[in-house]
Amino acid sequence: MRNQTLLTVLCLLLLVSTSVIAQTDTLSPPRKNLLVFPVVAKSIETSWSFGSVVSWTYKTARKDTLSRTSNLQGLGLYSLQHQFIAAINGSVYFPKEHYILNHQLSYSAFPDKFWGLGNASPDSAEEAYKFKQYYIYLHLMRKIGRNWFAGVLYEQQRLLSLEYKPGGLFDQEKVPGKNGYLVSGLGLSLTYDNRTNAFSPSKGTFAQVYFNHFDSYLGSDFKYTNIVVDFRQYLRIYKEQVLALQLFDFSNFGGAVPLRSLASFGGSNSMRGYYDGRYRDKQQLVLQSEYRIPVYRRWGAVAFAGIGDVASSPAAYELKTLKYSYGGGIRFALDTKEKLNLRLDYGFARGHNSGLYFQLGEAF
């Protein structure tokens, strides 16, 4: 019965989306495409979510053939778990890509789950909590060479409220930030990016290293440094079939790191099959792959797998606690030119973890 319901909702959504695509393809100015459609989403964290999405793809200069297409997405979702998410995010590729701006603004009111800190927490430790937060991320990059960019970034997160079980895991483990907090950080980045497309590249490399320092002089309640390494490779294997690879390392150093700034293991974009936040700690290392195959017209299929873990320090990783996930999914192209896809994935993870994901855009 659940599968029949999912297929019914999926078909209805695709019919609406296809209708919108047809209108925008014929009425929009060249190199601009506006999609507005209702959304039914599904993930382990939210169950079913309902809302709407606005997606705008455009060129910042009409005669610029060197720059990739910019994109802006607005999202509003409310879930059956009484979770609310509103977000605006996107990437602006300025003429000739002399500058690139990535940005994200979001607000969340979210009942969530917590299993404690570390990579060995049992499933039985699950504890419910609620939080409200807003999040700001701004990352401006300037071209310094062919496909090379240097950047400056600013990140702010304000945990407005946190409701948890008194005497439970939050108190027992003295979780930093359990009473609410503000973190504010400023950092630098170095990026190499020659991908063919912003949404679903068919070939190319994306390699980025950035550090962000959070300190009191920026208004932050916590002082620590976050360093992220994100390496992605896209290989065209046969005709239009693509192998996508990602190595992602997320590390925090220095003082105490508050709850929602810790590495969060799992989710719709990384280690699918695990609840996002199933494991939390200062460090995270993940290696994942995805094989993407066109099937028929707008339809495609994928198979994916990943391995990874969290740890308290880079030296604390152990092979015996390594975690894995795998699965597959289908794709439907909302915009064939820009390769903006709806994706339906099912992930299986170590133990009894698994989950269904119905999302907009590729995982990585």
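To start, this report covers the structure provided alongside it. As the structure is a prediction and not an experimental result, all values here were calculated from the model.

Right, let's talk about the overall build of the protein chain for a bit. Secondary structure assignment for the protein chain yields two helices and 18 strands. Over its C-alpha trace the protein chain gives a radius of gyration of 20 Å, about what one expects of a compact globule, namely 21 Å for 364 residues. For the C-alpha atoms alone, the extent of the protein chain along its principal axes is close to 60 × 55 × 35 Å. Burial status across the protein chain gives 51% buried among its 364 residues. Look at the contacts in the protein chain between residues 6 or more apart in sequence, and 57% of them connect residues 24 or more apart. As displayed, the protein chain offers around 17,300 Å² of accessible surface, 61% of which is attributable to carbon and sulfur atoms.

Right, let's talk about the pairing of strand 18 (residues 354-360) for a bit. With seven bridges connecting them, strand 17 (residues 340-349) and strand 18 associate as antiparallel partners. Paired with Leu342 across the two strands is Leu360, which belongs to strand 18. Once strand 17 ends, the chain turns through four residues before running back antiparallel as strand 18, passing Gly351 with a positive phi of about 80°.

A separate point is a nonpolar patch on the surface. A contiguous nonpolar patch, built from Phe231, Leu247, Leu285, Leu287, Ile307, Leu319, Leu322, Tyr324, Tyr326, Tyr346 and Phe348 and spanning about 1,000 Å² of accessible area, is present on the exposed surface. Looking at the nonpolar patch, the elements that each hand over two or more residues are strand 14 (283-296), strand 16 (323-335) and strand 17. In this structure Leu285 comes out as partly exposed when scored by relative accessible area, which is 34%.

For the structure on display, the rule yields 19 aromatic pairs. With 4.6 Å between their ring centres and 15° between their planes, Phe214 and Tyr224 make a pair best called stacked. Of this pair, Phe214 sits in strand 9 (residues 204-214) while Tyr224 is found in strand 10 (residues 224-238), placing the two residues 10 residues apart along the sequence. Judged by relative accessible area, Tyr224 falls into the buried class, the value being 2%. Through pairs of rings, three or more aromatic residues link up here, namely Phe110, Phe114, Tyr129, Phe131, Tyr164 and Phe170. For the cation-ring pair, Arg292 lies above Phe364, with the distance from its terminal atom to the ring centre recorded as 5.5 Å. A cation over an aromatic ring shows up here: Lys323 above the ring of Tyr279, its NZ or CZ 4.5 Å from the ring centre.

A separate point is the side chain of His139. With respect to the helices, strands and loops of the structure, His139 is situated in strand 6 (residues 127-145). Polar contacts involving the side chain of His139 include one to the side chain of Tyr137, which spans 3.1 Å. In terms of polar contacts, His139 uses its side chain to reach the side chain of Ser189, at 2.6 Å. Each residue touching His139, except ones within four places of it in the same chain, is listed here: Ile100, Leu101, Asn102, Gly151, Val152, Leu153, Ser189 and Gln208.

Parameters at a glance
Residues numbered from 1 in each chain as written. Predicted model: local features only at pLDDT ≥ 70, side-chain atom pairs only at ≥ 80, totals over all residues. Heavy atoms only, no water. Helix = DSSP H or I, 4+ residues; strand = E, 2+ residues; numbered from the N terminus. Rg over C-alpha atoms; globule rule 2.2 N^0.38 Å. Buried < 20%, exposed > 50% of the residue type's maximum accessible area, 1.4 Å probe, protein only. Contact = heavy atoms within 4.5 Å. Areas by Shrake-Rupley, 256 points an atom, 1.4 Å probe, with all protein chains shown as cover. Pairing = 2+ DSSP bridges. Patch = residues over 30% accessible without salt bridge, like charges linked within 9 Å, V, L, I, M, F, W, Y side chains within 5 Å. Salt bridge = Lys/Arg side-chain N within 4 Å of Asp/Glu carboxyl O. Phe/Tyr/Trp six-rings, centres within 6.5 Å; stacked < 30°, edge-to-face > 60°. Lys NZ or Arg CZ within 6 Å of the ring centre and 35° of its normal. Polar contact = N/O pair within 3.5 Å; in protein donor to acceptor, adjacent residues only side chain to side chain.

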